[in-house]
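Results of the structural survey
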Amino acid sequence: MDISWDLLLNAIVAGLLLGGFYAAVTAGISISFGMLDIVNIAHPAFVILGSYIAYYVNINLGIDPILVSIIVLPAFYALGALVYQVYYMSFERRGQESLRGLAFFFGLLFVTEVSLILVFGVDYRYVEAAYIGPSLHLAGLELPLRMLVPCLVALATFGALELFVTRTFLGRAIMAVSQDQLALQLMAADPIRIKRIAFGISIAVASIAGALLIIIQPVEPSVGRDYIGRVFAICVLGGLGSLPGALIAAFLLGVVESLTSTFYGPSWAPAVSFGFLLLTLAFRPAGLMGR
Amino acid sequence: MNTATFSIITAAVGLAVMALFHWLSVDYAYFAGYTILQFIVLATAWNILGGYCGYVNFGTAAFFAIGAYSSVFWYKFHPLPIPLLIVLGAVVSGIVGLGTGYLTLRLRGAFFSIATLAMAVVFQTLVVNWDFVGGSRGAYIIHPENFELAGLEVHYIEYLFALMLLLAVIALATARTIERSRLGYGFATIRDDELAAEACGVPTLRLKLIATTLSGAFMGMAGAPFPYYIGYLQPQSAFALDYAVNSIAMPMIGGTTTWVGPLVGSILLGSAQQYATVTISSAVNLLIVGLMLVAFVIIAPNGLIGLVKESLRARRRS
Amino acid sequence: MTALLHVDNISKRFGGFVALDGIEIEVAPGERLGLIGPNGSGKSTLVNCICGTLQNETGTVRFEGQALDGLAAHQRTRRGLARSFQLPRPFHSVTLADNLRIPLLYTVRAREGMLHAHSDLEARCHELLDTVGLLPKAGRMPRDLTQVEMRKLELARAMAAEPKLLIADESMAGLSHSEIDDILALLVRLNERGVTIILIEHIMSAVMSFSQRLAVLVSGRKIADGPPKDVVRDPEVVRAYLGQ
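Residues numbered from 1 in each chain as written. Chains lettered and ligands numbered in written order. Predicted model: local features only at pLDDT ≥ 70, side-chain atom pairs only at ≥ 80, totals over all residues. Heavy atoms only, no water.

1. Examining the overall build of chain B
What chain B contains, in helices and strands, is 15 helices and four strands. A globule of 318 residues ought to have a C-alpha radius of gyration of about 20 Å, and chain B, at 19 Å, matches this closely. Its C-alpha atoms give chain B principal-axis dimensions of roughly 55 × 45 × 40 Å. In chain B, of all internal contacts separated by at least 6 residues, the share reaching a separation of at least 24 is 78%. Summed over its atoms, the accessible surface of chain B is roughly 12,600 Å², and 70% of this surface lies on carbon and sulfur atoms. Here chain B contributes 15 positive and 13 negative side-chain charges, whose respective centroids are spaced 15 Å apart. (Helix = DSSP H or I, 4+ residues; strand = E, 2+ residues; numbered from the N terminus. Rg over C-alpha atoms; globule rule 2.2 N^0.38 Å. Contact = heavy atoms within 4.5 Å. Areas by Shrake-Rupley, 256 points an atom, 1.4 Å probe, with all protein chains shown as cover. Lys, Arg positive; Asp, Glu negative; His and termini not counted. Charge placed at Lys NZ, Arg CZ, Asp CG, Glu CD.)

Put into structure tokens, the structure is as follows:
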């Protein structure tokens, strides 16, 4: 195979841009699964929900999709807090989170997907924005703005989260609750409230990720399923609970997927992330930077 | 009641059902009945790993599709009788179950579940890219109009129905036997407290591998006749998500601790879905299944059988 | 006489925290060893390493002269090591009798290779429940038990495995004086039948009357090991544990 260096370089750059976006989608799981030990496989459903809300407001009111996602952040936060409350009351409190908690989130994933099909149908949906279409040409590289802008927003979101978790009291309380719930209780902080806030944040981030998703690619309800494997693969590969680790893993996955897609064809792309996941689970479950 | 007696009774019930359907002689009844019997097998299979051991498998569709595509594979080489295909499907799916288990069962239950999701997508991608079995274009399976055996001639669908009925009987008898055996006790300890189980001498990894292999094998068995039932097999229909949801919802709604739960759940939910698909739409029907799953998991964690047991116990105390 | 159990320089870390630091203990066959120390000193971690629930980083555990490295917990139990958990871990979805059936089915049977009749198992479960005074509740579920009763079940379940070495981890917490005496008598009877016992306890009167030898663990290190009367007078032991 005669590898064109141009093609290779562009594939890698596209992979990095994609990886940045993947990091934003995974940030929520890093919190809910990595730190709170909640296997929220419905997370991609919330992302897709964010995509559709961004789509709906964008099409009808012409507001920029990223702006829409920021406006609905409080609503998504509230939704996340509500879901956690139900999860806690029904499962965590009774110590049944393994079987029934998983079934619960799977049910949510399914209900969200089917509801979206019923409301919006199975056609692909797009959004309109000034930066979808043009590309930046830099040193022989082609940087489509519809990928560059989401990547930058994603990195900004990711950076904000990392600062929050390491610098604020609330953020550090969340890290603490993931490591030692009893110690947190002794510090007179309510672990349940901390977890609820954290879960709310994880879902709120999903809203932003959803807007970014529909900028990068057209969306239809079952797209979420492709992302389940990706986000857990990145989370596990990066090491549970490590946001920087997730970022590195996200870039890695993005590049490998992009290379596979360019040189072997896009129909193999879904298998890449899931294959990564299986290999990581089989050989290095602690991830690259695991605790 | 020992296993032999139970098997005889179930087989007798099965024969009665067969006779009834034969007397009705309505092809649609066979088609609908086949779907429900298929769900009985899938739900019972899922429950062996999910309900008894507490490990949630999201990849039912993958094991089912492996059975289906194994049949397509042999069909392209040289058509084989369906009972043999069922055995082959069971073997392949069982091996895949064993492999998946071996890779992931030493980790926590949550990782196993995520791995099953991953596996489903990986297999779907492999199949979509494998032209020999039709890839994304799909594969046609032509079967004779009628099935002939020793002078008896019936519509092909009746033959498939009978096979699936037999599989359902075998699955239920197997589940019940496991429940009452040493293996069943071992499974229950894995569900309750794996660490304590190990301390009591239970070889947890080995038992979990047995469960995944059995579970996968039965799902493959259910999938093997599917191409003959449907005539045209596409990856979308073989790997459809509603297999995953239903094989989880049916045992959870019926009750996960006994073999009766998946049976009850399959018949109720399966019939309701047949009705809803015909009268409303298949999307609404799936929405209802999903909502019921969420509702039952929150409100009635032990399913319908659990509710019945609770009310009996309450009545006994008062 | 060769030791039944030889803990040879065992160390265990959790991240940066050193839970066990070069522990060296021997237990002779038929001996009654008491193990004491403050909370967090590593007693339960030591039990976990001996029984295979946790993997030690350095050193070896030898049982009947054979190294247990790489053996899973269930294999060690089948060789004759049994333990009760400090925080009881009953099997919630089965009855008390069935809780005891598990070690009978999976440890005793595996050893003997014989098939006991169903009624034999049933009788043995009831017999064991009787020894800890739980026979009236044989058909009940663990959630119907008090904390104290759960500890008794925990001990009975360890005994059901017919061990050569039994490690009883704080089985007497919360018991009344007469109940403590009952459990001690039970353990002594077990010992007279040839079962080696390691008793981990905070109740000093029980430890003193029961142990032939006493070992003290503080912050992951063994600071004393000898006849009980001498150990309790050891100034370091008094400072680290008894004087509190």
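2. What to know about the environment of C:Asp130
Residue and element names in this part refer to chain C. Counting through the fold element by element, Asp-130 comes out in helix H4 (residues 118-131). With a relative accessible area of 48%, Asp-130 lands in the partly exposed category. Each C-alpha atom, one on Asp-130 and one on Lys-229, is 34 Å from the other, the two residues being 99 residues apart in sequence. (Buried < 20%, exposed > 50% of the residue type's maximum accessible area, 1.4 Å probe, protein only.)

3. Observations concerning the sheet that holds strand E5 (residues 66-67) of chain C
Residue and element names in this part refer to chain C. Spatially, the four strands line up as an open sheet ordered E2-E1-E4-E5, and their pairing is antiparallel. In the strand order of this sheet, the two ends are held by strand E2 (17-27) and E5, each with one partner. Here strand E4 (residues 58-63) pairs with E5 via two bridges, running antiparallel. Bridging from a neighbouring strand, Phe-63 pairs with Gln-66 of E5. Against the sheet, helix H1 (residues 43-51) touches strand E1 (5-14), E2 and E4, its axis set at about 115° to E1. (Pairing = 2+ DSSP bridges. Axes fitted to C-alpha atoms, helices over the stretch in contact; angles between N-to-C directions.)

4. As for the pairing of E2(C)
Sheet topology places E1(C) next to E2(C); eight bridges connect them, and they run antiparallel. Following the sheet pairing, C:Leu5 is matched in E2(C) by C:Val27.

5. A look at the interface of chain A and chain B
Each side of the interface is counted separately: chain A has 40 residues, and chain B has 39 residues. Carbon and sulfur atoms supply 84% of the area buried between chain A and chain B, which totals about 3,500 Å² over both sides. Inspection of the region where chain A meets chain B yields zero salt bridges. Connecting chain A to chain B are one residue pair in polar contact (both at pLDDT 80 or more). Looking at the side of chain A that touches chain B, the elements that each hand over two or more residues are helix H4 (73-92), helix H5 (97-120), helix H10 (223-238) and helix H12 (269-283) of chain A. For the side of chain A that touches chain B, the element with the highest residue contribution is H5(A), accounting for 15 residues. Along the lines of polarity and charge, the residues of the side of chain A that touches chain B split into 28 nonpolar, seven polar and five charged. (Buried area = accessible area lost by both parts, 1.4 Å probe. Salt bridge = Lys/Arg side-chain N within 4 Å of Asp/Glu carboxyl O. Polar contact = N/O pair within 3.5 Å; in protein donor to acceptor, adjacent residues only side chain to side chain. Nonpolar A, V, L, I, M, F, W, Y, C, P; charged D, E, K, R; others polar.)

6. Quick word on the packing of aromatic side chains
Residues and elements named next belong to chain B. Throughout the structure, instances matching the rule amount to 36 aromatic pairs over all chains. Where Phe-21 meets Tyr-30, the ring centres are 5.9 Å apart and the plane angle is 45°; that geometry is what we call tilted. A relative accessible area of 17% places Phe-21 in the buried class. When the centroid spacing of 5.8 Å and the interplanar angle of 35° are considered together, the rings of Phe-73 and Trp-130 count as tilted. With Phe-73 in helix H3 (residues 60-77) and Trp-130 in the loop between helix H5 (109-128) and strand E1 (139-140), this pair connects stretches of sequence that are 57 residues apart. For Phe-73, a relative accessible area of 22% gives the class partly exposed. (Phe/Tyr/Trp six-rings, centres within 6.5 Å; stacked < 30°, edge-to-face > 60°.)

7. Quick notes on the interface of chain B and chain C
Counting from both sides, the interface comprises 22 residues of chain B and, opposite them, 23 residues of chain C. With both sides pooled, the region where chain B packs onto chain C buries about 2,000 Å², and carbon together with sulfur makes up 60% of that total. It is B:Arg182, B:Tyr185 and B:Cys200 that lose the most area in chain B upon contact with chain C, and together they represent 34% of the buried surface on that side. With its nearest N and O atoms 2.9 Å apart, the salt bridge here joins C:Arg89 to B:Asp193. Residue assignment for the side of chain B that touches chain C shows that the elements contributing at least two residues are helix H7 (182-192), helix H8 (194-199) and helix H9 (204-223) of chain B. A per-element tally of the side of chain B that touches chain C places H7(B) first, with eight residues. Classifying every residue of the side of chain B that touches chain C by side-chain character gives 11 nonpolar, four polar and seven charged.

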